[in-house]
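# Inside the fold
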Amino acid sequence: MAREVAESCVDSLLTEIVSSYCTRFYVNKPELAARRIEAIGYQVGHQLCERYTMERPRFTDHLEAIKFLCKDFWSELFKKQIDNLKTNHRGTFVLQDNKFRWLSRMSAETSSAAQDTTSMLLYFPCGIIRGALSTLGIPCAVSADISILPACKFH
């Protein structure tokens, strides 16, 4: 039996995590708040990837693992696949989601406070991706770029 959580609960939890770390725990230390949010995402990604790959054979190369992340893993999390995968064939991958669910309800406001909140929110999915890839044997660093909401690119 598949266990699922309502999307609104995940949205509320993520919003509260970002709010708590940025306005209560590390008010004057945004870098530390970002690292903590990313670390929580890392643990979530690690555990989810272990669960989703439990009955699969090991991946033979990085590209196969990245394809799993873009198709199966992303589908489990967001009910859709990554819209675009690019690589420079030297170990750098760019995953693009044109309608990233966790940004779909964000304001398109361009104030610095709104942009700071959005960037803090993206540390969590960066951590999820890094945790999943680490579980698949690919140590990496992950960052996110936003051009037009709700589109997002993960590097």
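These numbers were taken from a predicted model, which means no experiment stands behind them. (Residues numbered from 1 in each chain as written. Predicted model: local features only at pLDDT ≥ 70, side-chain atom pairs only at ≥ 80, totals over all residues. Heavy atoms only, no water.)

## Some points on the overall build of the protein
- Counting its secondary structure elements, the protein contains five helices and four strands.
- The globule rule puts the C-alpha radius of gyration for 155 residues at 15 Å, and the 15 Å found for the protein is close to it.
- Its C-alpha atoms give the protein principal-axis dimensions of about 45 × 35 × 25 Å.
- Residues classed as buried in the protein amount to 36% of the 155 residues present.
- Looking at the protein alone, contacts between residues at least 24 apart form 56% of all its contacts between residues at least 6 apart.
- For the protein, the exposed area adds up to about 9600 Å²; of that, 52% sits on carbon and sulfur atoms. (Helix = DSSP H or I, 4+ residues; strand = E, 2+ residues; numbered from the N terminus. Rg over C-alpha atoms; globule rule 2.2 N^0.38 Å. Buried < 20%, exposed > 50% of the residue type's maximum accessible area, 1.4 Å probe, protein only. Contact = heavy atoms within 4.5 Å. Areas by Shrake-Rupley, 256 points an atom, 1.4 Å probe, with all protein chains shown as cover.)

## Let's talk about the sheet that holds strand β4 (residues 152-154)
- Ordered by their spatial adjacency, four strands build an open sheet running β1-β2-β4-β3, and the pairing between neighbours is antiparallel. With partners counted over all chains shown, the strands left at the sheet margins are β1 (84-87) and β3 (144-145), one partner each.
- In this sheet, β4 lies alongside β3 in antiparallel orientation, the contact comprising two bridges. Counted as the bridge partner of aspartate 145 is lysine 153 from β4.
- Where helix α3 (residues 62-78) meets the sheet, its contacts fall on β1, β2 (93-97) and β4, and the angle it forms with β2 comes to roughly 15°. (Pairing = 2+ DSSP bridges. Axes fitted to C-alpha atoms, helices over the stretch in contact; angles between N-to-C directions.)

## A short note on unusual backbone geometry
- Residue proline 150 is reached from leucine 149 by a cis peptide bond, and omega for that bond is 0°.
- Mapped onto the secondary structure, proline 150 falls in the loop between β3 and β4.
- One non-glycine residue, lysine 79, adopts positive backbone phi at about 60°.
- Note on placement: lysine 79 falls in the loop between α3 and β1.
- Looking at lysine 79, the relative accessible area reads 52%, which means it is exposed.

## What to know about the confidence of the model for the protein
- When pLDDT is averaged along the protein, the result is 86, and 92% of the positions lie at 70 or above.
- Element-level mean pLDDT values for the protein span from 74 in helix α4 (residues 112-121) up to 95 in helix α5 (residues 123-135). (pLDDT = per-residue confidence, 0-100.)

## Here we look at the packing of aromatic side chains
- Tallied over the entire structure, the rule returns eleven aromatic pairs.
- Ring geometry for phenylalanine 68 versus phenylalanine 73: centroids 6.5 Å apart, planes at 50°, classification tilted.
- For phenylalanine 68, a relative accessible area of 3% translates into the label buried.
- For phenylalanine 73, a relative accessible area of 0% puts it in the buried group.
- Among the aromatic side chains, those forming a connected cluster through ring pairs are Trp74, Phe78, Phe100, Trp102, Phe124 and Phe154. (Phe/Tyr/Trp six-rings, centres within 6.5 Å; stacked < 30°, edge-to-face > 60°.)

## A word on the pairing of β1
- Pairing between β1 and β2: four bridges, direction antiparallel. Paired with threonine 87 across the bridge in β2 is phenylalanine 93.
- Adjacent in sequence and paired antiparallel, β1 and β2 are bridged by five residues, among which histidine 89 carries a positive phi angle near 60°.

## Things to note about the nonpolar core
- Of all hydrophobic cores here, the largest spans 39 residues; its most connected members are Phe73, Phe100 and Phe154.
- Mapped by element, the contributors of at least two residues to this core are α1 (7-25), α2 (30-52), α3, β2, α4, α5 and β4.
- A per-element tally of this core places α3 first, with eight residues.
- The residues touching phenylalanine 73, leaving out its near neighbours within four places in the chain, are Gly45, Leu48, Cys49, Tyr52, Phe68, Ile128 and Ala132. (Core = buried A, V, L, I, M, F, W, Y, C linked by side-chain atoms within 4.5 Å.)

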